[in-house]
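# Understanding the architecture of this molecule
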Amino acid sequence: MRDAEGLSQEQIREFLQSSHGIEFAGTQRSEVYTWTQGVLVAQEYAGRSKKERGLIRAHIERITGLGVSQRTRRLQSYRDSGRVEARPRRGHGSA
């Protein structure tokens, strides 16, 4: 997943077209979050057009292996706080 943050829009488009059937996944949740935040910052996600943001979302989904809902939650976290971070886990018996 190195250097994927700095790809141009055209490079992302080419990657998505040529990588069908290939999946990557981060080994740890924190690694995936850090990488995702790096991509969003490097690509200046908030300032992009809707079409360009869609391309970035597809890229993140392909690289990380996150599902649509998971990816959406990460992006919402980024829009709200400027960071991609996990929400605290709430398990049984937690007060």
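Check the entry above for the structure.
Just so you know, these numbers come straight off a predicted model, no measurement behind them.

A few words now on the overall build of the protein. For the protein, the helix and strand inventory stands at 4 helices and 0 strands. From first element to last, N terminus to C terminus, the protein shows the α and β order α-α-α-α. Pairs at least 24 residues apart make up 72% of the contacts formed inside the protein by residues separated by at least 6 positions. Here the protein displays about 6500 Å² of accessible surface, and carbon together with sulfur accounts for 47% of that area.

What follows covers the pattern of salt bridges. Applying the stated criterion across every chain, the model contains 4 salt bridges. For Glu10, the salt bridge identified is with Arg13, shortest N-O distance 2.9 Å. Of the two residues, Glu10 and Arg13 both sit in helix H1 (residues 9-18), 3 residues apart, roughly one turn of that helix.

It is the contact of helix H2 (residues 29-42) with helix H3 (residues 50-64), at a shortest axis distance of 11 Å, that shows an interaxial angle of 155°. Of the possible angle classes, the one that applies to H2 and H3 is roughly antiparallel. Where H2 crosses over H3, the two elements pack in a sense that is right-handed. Every residue of H3 that contacts H2 at Val32, Trp35, Thr36, Val39 and Leu40 is listed here: Ile56, His59, Ile60, Ile63 and Thr64. Here the residues of the contact of H2 with H3 are counted per class, giving 7 nonpolar, 3 polar and no charged.

How each quantity is defined
Residues numbered from 1 in each chain as written. Predicted model: local features only at pLDDT ≥ 70, side-chain atom pairs only at ≥ 80, totals over all residues. Heavy atoms only, no water. Helix = DSSP H or I, 4+ residues; strand = E, 2+ residues; numbered from the N terminus. Contact = heavy atoms within 4.5 Å. Areas by Shrake-Rupley, 256 points an atom, 1.4 Å probe, with all protein chains shown as cover. Salt bridge = Lys/Arg side-chain N within 4 Å of Asp/Glu carboxyl O. Axes fitted to C-alpha atoms, helices over the stretch in contact; angles between N-to-C directions. Parallel < 35°, antiparallel > 145°, perpendicular 65-115°, else oblique. Left-handed = near helix turned anticlockwise from the far one by under 90°. Nonpolar A, V, L, I, M, F, W, Y, C, P; charged D, E, K, R; others polar.

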